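Spelled out, the chains give:
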Amino acid sequence: MAEYICPHCKQPIYDDEALLCLYCGQSLMRPVGFMGKLKYPAPKIIMIFIVVLLLVSFTILIIR
Ligand SMILES: [Zn+2]
């Protein structure tokens, strides 16, 4: 466990897993948090991409 000082409100955060500040709710902007953040939106982007791809192919089918 390492103390981390929030860049926004300067409060110490002791939770290594926390991506957001417990006091002000802002991103802690630390490398671990950044990687953790990247891990989660990726499947969401893939899902949106698949939905858009399906909609485009469906539209092409209707137009033809
Ligand atoms: Zn804060």
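Calculation criteria
- Residues numbered from 1 in each chain as written.
- Predicted model: local features only at pLDDT ≥ 70, side-chain atom pairs only at ≥ 80, totals over all residues.
- Heavy atoms only, no water.
- Donors = N, O, S within 2.8 Å, 3.2 Å for Na, K, Ca; no water.
- Tetrahedral: all angles 85-135°; square planar, octahedral: opposite > 155°, others 65-115°.
- Helix = DSSP H or I, 4+ residues; strand = E, 2+ residues; numbered from the N terminus.
- Buried < 20%, exposed > 50% of the residue type's maximum accessible area, 1.4 Å probe, protein only.
- pLDDT = per-residue confidence, 0-100.
- Contact = heavy atoms within 4.5 Å.

**Considerations on the coordination of the zinc ion**
(1) Moving on: Protein coordination at the zinc ion comes from Cys 6 (SG), Cys 9 (SG), Cys 21 (SG) and Cys 24 (SG), with a distance range of 2.2 to 2.3 Å.
(2) Moving on: Taken together, the 4 donor atoms surrounding the zinc ion define angles of 106 to 115° at the centre, an arrangement classified as tetrahedral.
(3) Moving on: For the zinc ion, the single-chain donor residues occur in sequence as C-x2-C-x11-C-x2-C. With Cys 6 in the loop between strand 1 (4–5) and strand 2 (12–13) and Cys 21 in the loop between strand 2 and helix 1 (31–39), this residue pair connects regions lying 15 residues apart in the sequence. For the pair Cys 6 and Cys 21, one class covers both residues: buried.

**Observations regarding the confidence of the model for the chain**
(1) Moving on: Here the chain shows a mean pLDDT of 81. Residues at 70 or above account for 78%.
(2) Moving on: Within the chain, the element-level pLDDT minimum falls on helix 1, averaging 55, and the maximum on strand 2, averaging 89.

**Observations regarding unusual backbone geometry**
Among all residues save glycine, negative phi is the norm, and among peptide bonds the norm is trans.
(1) Moving on: With a phi angle near 60°, Lys 10 is a residue other than glycine that sits in the positive phi range.
(2) Moving on: With respect to the element layout, Lys 10 can be found in the loop between strand 1 and strand 2.

**Focus: the environment of Tyr 23**
(1) Moving on: Counting through the fold element by element, Tyr 23 comes out in the loop between strand 2 and helix 1.
(2) Moving on: Measuring from C-alpha to C-alpha, the distance between Tyr 23 and Cys 6 comes to 8.8 Å, with 17 residues separating the pair along the chain.
(3) Moving on: Once you skip the residues sitting within four places of it in the chain, Tyr 23 turns out to touch Cys 9, Gln 11, Pro 12 and Ile 13.

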